[in-house]
Amino acid sequence: MSLRSLFVDFNSYFASVEQHEDESLRGRPVGVVPVAAETTSLIAASYEAKAFGVGTGTLVHEARQLCPGIEIRVARPERYVVWHHRLLKAIDHAIPIARVGSIDEVACELVGRQRQRDVAEQIAWQVKAEIAKVAPGGAIRCSIGIAPNDFLAKTASDMLKPDGLTVLEQANLPHALHRLELRDLCGIGPSMEQRLIADGITTVAQLTDAPKHLLRHAWGSIEGERMWGLLRGAWLPTAETARSSIGHSHVLGPELRNLAGARAVLKKLLVKAAMRLRREGMLSGALAVRIRYIGYDERWEGDLAFDHTDDSRELLRMLAKMIDSGRARGRLLPGPVRATPLSVSVTLNRLIERTQSTGSLFAPAEDTRKVDAVVDRINAKFGYNKVYFGSMQTALEHDAAPMRIPFNRIPDVKSENETDATHNALWLQYLNRAKVMAENAHRKRERNRRGK
C-alpha cells in the first residue's frame, strides 16, 4: 500500500505526433527542429533516430551524417497543444490527473485500493489502452512509472522506454535506484553533479547512503533534505512558489546572427516579457540581458536596476542604455570584437505586484499606460505583434522567437500566442534545454575549427 503516484511520460512526444499525423513517417527516423535551417539543432528525435545517436540538441547537419535517412520536420506547436489536450482527456478516462508537469508529462495520485500494486498496474494498462483509442497506430506511446511519490514515479517512467511500465515499491528502495547515474535523477544537472562529486558522492548508491546534513550541504539549502526524503519514498507535494522573474531567450537563426539582428530580437523578447508583466499585474525593477557568441565559452552579461515599471517604452530605453554602455564604439552590441552572436535572452527581475507599489515621481504618465493597454488588447484579439515597435521589424521578418510551449507551466495564451489568440497554447520552455545543447555544440565546433 506504499504506492501513491502514477506518472505518465509520453515518448519522443513532438516526433511521435509528427509520425502519427503522417503515416509515411512511422517506423522511420524523424527529427523536429524549431526553424528550417541546417545550422539549428533538434528539439526532438524519434526512437528510430535515437538508435543512430541522434537526440535533442544534435545539430541538423550532424544528424544527417549520423542518420542519412532522417526526415527533418519543422515544429508545429499548435498541433502538439491539440494532442496534449486530447491525451489528457484519454488519461482522465482511466484516472484523474493531479498535476500537469509539462506538455508531455502528467502525474496522477493513487488513492484507496489504487495503491495496491495489482490495481495500480491495471490502471496503467488502461491508460495505455485509452491513449491507443485516441491515437491508433502505435505512433504515440507513453512510459509509466508507479512509486511512493511523484519524484520516484517520474524516475521510474524513465527507466524503461519506450512504452514501458516500471513499479518502485517501498521495499525496493533504495537499491532499485543504484543502477542509475546521478544525472538520471530529476534535479541533478551538470553543476549539481559537480557539487556532489566535490562532497565525495559519485554514484546513486553513495547518494542514497549519504546523511541528510551532507545533502543539505551539497544543495546549499533545505532542498538537499527534501531530496533525502524523496529518495526514501516520502510523500512531499511540490510547494507553491512565487514568481520571481519573467524572461525569454532565443537561439538566433543564421539570418539573424549579426549585430543588428541580435539587437532586434532582444527588443522583441523584452516587449513580449513586458506584455506578460502587465497581464499578470506586476512591475519589474531590474533587467538582465545575456548574449552568447559562437566559439566563446563566456557570455556577455548586463544587469540594470531601476524604479519599478511595466512600461514597454521605458524598458526598451533601459535595454538601449545597458547595451550602449557596454559596447565598443562603432558596434551595435557589447562583447568580443568581430564575434558572431548565437543566442540572446532578457529577464525582468525584482518583481512586485502592482498593488504593492506606491508609484514613482518619474513613472510614465497615465496616458502612456493607456497606450500599452490598447496595444495589448489589439494583440490579444487579432494576434501577437499586430501592433509592434518599429525597431522589432528585423526580428519579425524572420519570425524570431515564435510561439513556444513550456515544459513546466501553462502560460497565459493571450499574451504568448503569436499566431492565433484563440489557441490554448503552452509556451515551449523545453527549448531552453535544446538551446543550451545547441550552444555547446556550436562552441565545440568553432573551437575545433580554430584548432584549439
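Residues numbered from 1 in each chain as written. Predicted model: local features only at pLDDT ≥ 70, side-chain atom pairs only at ≥ 80, totals over all residues. Heavy atoms only, no water.

### Topic: the environment of Val8
Line of reasoning, step 1. Here Val8 is to be found in strand β1 (residues 5-10).
Line of reasoning, step 2. Val8 sits in the buried class, given a relative accessible area of 0%.
Line of reasoning, step 3. Sequence separation between Val8 and Val127 is 119 residues, and the spatial gap between their C-alpha atoms is 8.7 Å.
Line of reasoning, step 4. If we ignore the near neighbours within four places in the chain, the residues touching Val8 are Ile91, Asp104, Glu105, Val106, Val127, Cys142, Ser143 and Ile144. (Helix = DSSP H or I, 4+ residues; strand = E, 2+ residues; numbered from the N terminus. Buried < 20%, exposed > 50% of the residue type's maximum accessible area, 1.4 Å probe, protein only. Contact = heavy atoms within 4.5 Å.)

### Section: unusual backbone geometry
Line of reasoning, step 1. Across the junction of Lys161 and Pro162, the peptide omega takes the value -5°, indicating a cis bond.
Line of reasoning, step 2. Within the secondary structure, Pro162 is located in the loop between α6 (150-157) and β8 (165-167).
Line of reasoning, step 3. Here the bond from Leu173 into Pro174 is cis, since omega is -5°, no more than 30 degrees from zero.
Line of reasoning, step 4. One can find Pro174 in the loop between β8 and α7 (190-198).
Line of reasoning, step 5. Even without being glycine, Arg338 reaches a positive phi, approximately 65°.
Line of reasoning, step 6. In this structure, Arg338 sits in the loop between α12 (312-326) and β12 (341-349).

### A closer look at the sheet that holds strand β3 (residues 44-45)
Line of reasoning, step 1. Read across the sheet, three strands follow the order β3-β2-β4 without closing on themselves; strand pairing throughout is mixed. If you trace the sheet from one side to the other, it starts and ends with β3 and β4 (71-74), each paired once.
Line of reasoning, step 2. Sheet analysis places strand β2 (residues 30-33) next to β3, joined by two bridges and oriented antiparallel. Directly across from Val32, in β3, lies its bridge partner Ala44.
Line of reasoning, step 3. Strands β2, β3 and β4 of the sheet are contacted by helix α1 (residues 13-21), whose axis makes an angle of about 115° with β2. (Pairing = 2+ DSSP bridges. Axes fitted to C-alpha atoms, helices over the stretch in contact; angles between N-to-C directions.)

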